Amino acid sequence: MRIPLGRKIVTYFLLSTAALLVFMPTLMAVVMSFMTNQDIMTGSFPSAFSLDNYRRAFEQFSLMHYVINSLFVSIIIMIGQLVLSSLAAYAFVFLEFKGRDFLFYLFIATMMVPFEASIIPNFHTIRDLGWIDQYTGLTVPFFAMAFGTFLLRQNFKQIPKELREASQIAGMGEVKFYLTVVLPVAKTSLITLGVYGFLTSWNMYLWPLLATTNDSVRTVQIGLRQLQSQEQMNDWGMIMSGAVIVIIPTLILLFLGQKKLQRGLTEGALK
Amino acid sequence: MSYIELTDITKSYHAGKNILEKINFTIEKGEFFVLVGPSGSGKSTLLRMIAGLENVTDGILKMNQKIVNHLPPKDRNLSMVFQNYALYPHLSVEQNILFGLQAKKVSKKEQKKRLKETAEMMGLSDFLDRKPRQLSGGQRQRVALARAVVSEAPLCLMDEPLSNLDAKLRAQMRVEIRRLQKQLGLTLIYVTHDQVEAMTMGDRIMVLNDGEIQQVGKPITLYNEPANLFVASFIGSPKMNIGKAEVKNTSCFLINNTLSFPVGPILQEALKEHKDIVVGIRPEHIQPTTHHEATHSLEVVNVEQLGNETTLAFDVDGELWTAKWPGQWDIMAGHQLKVYISEEHLSFFDAQTKQLVRPASFNSQEEVQAI
């Protein structure tokens, strides 16, 4: 379709403005993280390029400790979600039992319950288990994931039933079929779900705040929040450099897997 | 001593209507047995029950004199080829072929030996490293067959294995499967909806319709002596011409109010028992008048020139009848054509029970003429 030049200019102008507006906070954060404190406080344009903020973020504030905590927690949640979701999805697709569909609908109905609604019972549970300030308390509540099960179930459903039957005739058990056929065939969806789960847990804020009382297992998002203090003047340069480091994994994953992620997420929905 | 024995096999889902109703038949060792029927006739269900992929609702299924009703598929010592080939998309051809052997824990050396033999036999030696999606339809089909061959199971089940191939390839694979079966001495149960496949491949055919056995027999028996109207119209291409017979007086009867035939002694006998009679005649039995006196005159509505034969369509009181004449005939549609129809070639069926009353006689003189 050919668009007249006038309309093209207007359209692109509007798009660029909107993009700039949306991207502004991020851009400001990036620029500010390279500025000296003096420039930030006076509100002037950057006069010098400095990596000082980054150095201080790592040295004074032990950012690395928080990043490693976050990385560990996110990876554990991701693995837990992949294992549980794929096993549940396998059962919903390949095992036949009474009330299977009903159970599945009940399962995905839990997607309608927001996380915030279950946060208090979850908190009680992990407190009674003594999991406060532990990695288990940060990770285990997120292993069971209705969305992941749903996504993988849609994907597994596209695997022809004949593959299961062929392996039944060959004398292959359920577990071996799951490991050697289902998982490799559904690789794309597993990667999508893994990335999605990783990013979601990386960006988690409320739960780590509740489930931790000291710095030992705290994630980076909470750590960042602690940089802002009520009493003293905020060191904005350091806060911004911390924020930039926190968004890096998200950006890397998005740039690398944008196409795949999109395809994986919409695959089930389109069918 | 038959190899596979089905006694009163019945299948139903959720206690509803029976999909298969009291199926009884036996299959001998080394036999090529074809299950044929229109879609929804229950033929695939029956095959899957033999494979152990579906439960048997009622009846007894025996293999090698042993009841196997509740035996899981892997213990039935069989291989199966599926309509969509069921190749594992993430594995190479070699891994696909050896998949079953690995599950059965066959030694690596034995695997290698069998793989080499099978790949050579099926002409797959050059493709062993490829993935299934890099293969053509015919090659995928061969991989699926190779997987069945390599298992060395004495019984092989095939569920419409050729229906995804084009016509030319299908004809070629028909011959290959047949040859393979003879070469390996396999007992093969083959499901198809294509009567040409059934006729050309089977040692014996079972025609199934609505979950009931219509007829079991050799292909030529089914063609010459169809047990009922369903088999008569299902087997043979173009299909048998069917018309309603009406007795005018003691000396002659009319088919579809157009074609009159003298009433022979056999028909007189039959008419005493059966009230209404339906008559069938094979397309090749509506013959040109080169060797015979014309008996009837029919209006030609369509002519199909196939080069080696000519298919004619006639209008017989509103119904389309077809005739197949060998060779090339210069006939125009819309003309009246003189033809020869012998009363001997008519098959008679009871209109109520649809059962065969008298088959057409195929005497030797006609066979020679057909050649």
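Residues numbered from 1 in each chain as written. Chains lettered and ligands numbered in written order. Predicted model: local features only at pLDDT ≥ 70, side-chain atom pairs only at ≥ 80, totals over all residues.

Looking at an unreviewed UniProt entry, one finds chain B named Glycerol-3-phosphate ABC transporter ATP-binding protein and attributed to Oceanobacillus sojae.

Within an unreviewed UniProt entry, the label attached to chain A reads Glycerol-3-phosphate ABC transporter permease, and the organism entered is Oceanobacillus sojae. Checking UniProt for chain A, the heading Sequence similarities (unreviewed entry) contains the comment "Belongs to the binding-protein-dependent transport system permease family." Checking UniProt for chain A, the heading Subcellular location (unreviewed entry) contains the comment "Cell membrane". (UniProt positions renumbered as here; feature names shortened; annotations may be inferred.)

A. Inspection of the overall build of chain B at higher detail. Looking only at helices and strands, chain B has 10 helices and 20 strands in total. Across its three principal directions, the C-alpha atoms of chain B cover 80 × 45 × 35 Å. Per-residue burial for chain B yields a buried fraction of 35% across its 371 residues. A separation of at least 24 residues holds for 63% of the contacts in chain B among residues at least 6 apart in sequence. (Helix = DSSP H or I, 4+ residues; strand = E, 2+ residues; numbered from the N terminus. Buried ≥ 20, exposed ≤ 12 C-beta atoms within 10 Å, placed from the backbone. Contact = placed C-beta atoms within 7 Å.)

B. Spotlight on the pairing of strand β13 (residues 259–262) of chain B. Residues and elements named next belong to chain B. Looking at chain direction, strand β12 (residues 252–255) and β13 are connected through 4 bridges and run antiparallel. Across the sheet, the residue bridging to Leu 254 is Ser 260, located in β13. Where β12 folds back onto β13 in an antiparallel hairpin, the turn is made up of 3 residues, including Asn 256, whose phi is positive at roughly 50 degrees. (Pairing = 2+ DSSP bridges.)

C. How the structure looks around the environment of B:Lys338. Residue and element names in this part refer to chain B. Structurally, the position occupied by Lys 338 is in strand β18 (residues 336–339). In this structure, the C-alpha to C-alpha distance between Lys 338 and Leu 229, residues 109 residues apart in sequence, is 27 Å. Not counting the four nearest positions on each side in its chain, Lys 338 is found in contact with Thr 289, Ala 294 and Ser 297.

D. Local environment of the domain arrangement of chain B. Considered domain by domain, chain B is made up of domain 1 (4–224) and domain 2 (238–370). Measuring from the centre of the C-alpha atoms in domain 1 of chain B to the corresponding centre in domain 2 of chain B gives 38 Å. (Domains from an automatic or database assignment.)

E. Here's a closer look at the packing of helix α2 (residues 93–103) of chain B against helix α4 (residues 137–150) of chain B. Residue and element names in this part refer to chain B. It is the contact of α2 with α4, at a shortest axis distance of 8 Å, that shows an interaxial angle of 30 degrees. Here α4 runs roughly parallel to α2, going by the angle between their axes. Two packed elements cross with a definite hand, and for α2 against α4 that hand is right-handed. Between α2, through Val 93, Asn 96, Ile 97, Phe 99, Gly 100 and Leu 101, and α4, the contact on the second element is made entirely by Val 143, Ala 146, Arg 147 and Val 150. The class makeup of the residues in the contact of α2 with α4 is 7 nonpolar, 2 polar and 1 charged. (Axes fitted to C-alpha atoms, helices over the stretch in contact; angles between N-to-C directions. Parallel < 35°, antiparallel > 145°, perpendicular 65-115°, else oblique. Left-handed = near helix turned anticlockwise from the far one by under 90°. Nonpolar A, V, L, I, M, F, W, Y, C, P; charged D, E, K, R; others polar.)

F. Spotlight on the interface of chain A and chain B. Taken together, the 13 residues of chain A in the interface contact 17 residues of chain B. Looking at the side of chain A that touches chain B, the elements that each hand over two or more residues are α9 (161–170) and α10 (174–185) of chain A. Counting residues per element, the side of chain A that touches chain B draws most heavily on α9(A), which supplies 7 residues. Classifying every residue of the side of chain A that touches chain B gives 9 nonpolar, 2 polar and 2 charged.

G. Region of the structure containing the environment of B:Leu115. All names here are of chain B. Locating Leu 115 in the fold gives a position in helix α3 (residues 108–122). In this structure Leu 115 comes out as buried when scored by C-beta crowding, with 20 C-beta atoms within 10 Å. When the C-alpha positions of Leu 115 and Ile 97 are compared, they lie 7.4 Å apart, and in sequence the two are 18 residues distant. Beyond its immediate stretch of four places on either side in the chain, Leu 115 contacts Glu 94, Ile 97, Leu 98 and Val 150.

H. Spatial organisation of the sheet that holds strand β15 (residues 296–305) of chain B. Residues and elements named next belong to chain B. Taken in spatial order, the 4 strands make up an open sheet running β17-β16-β15-β18, and their pairing is antiparallel. A strand with exactly one partner marks an edge of an open sheet, and here the two such strands are β17 (319–326) and β18. Between one strand axis and the next, the sheet turns by 50 degrees as a mean value, whatever way the strands run. Judged from the 6 bridges that link them, β15 and strand β16 (residues 309–316) form a sheet pairing that is antiparallel.

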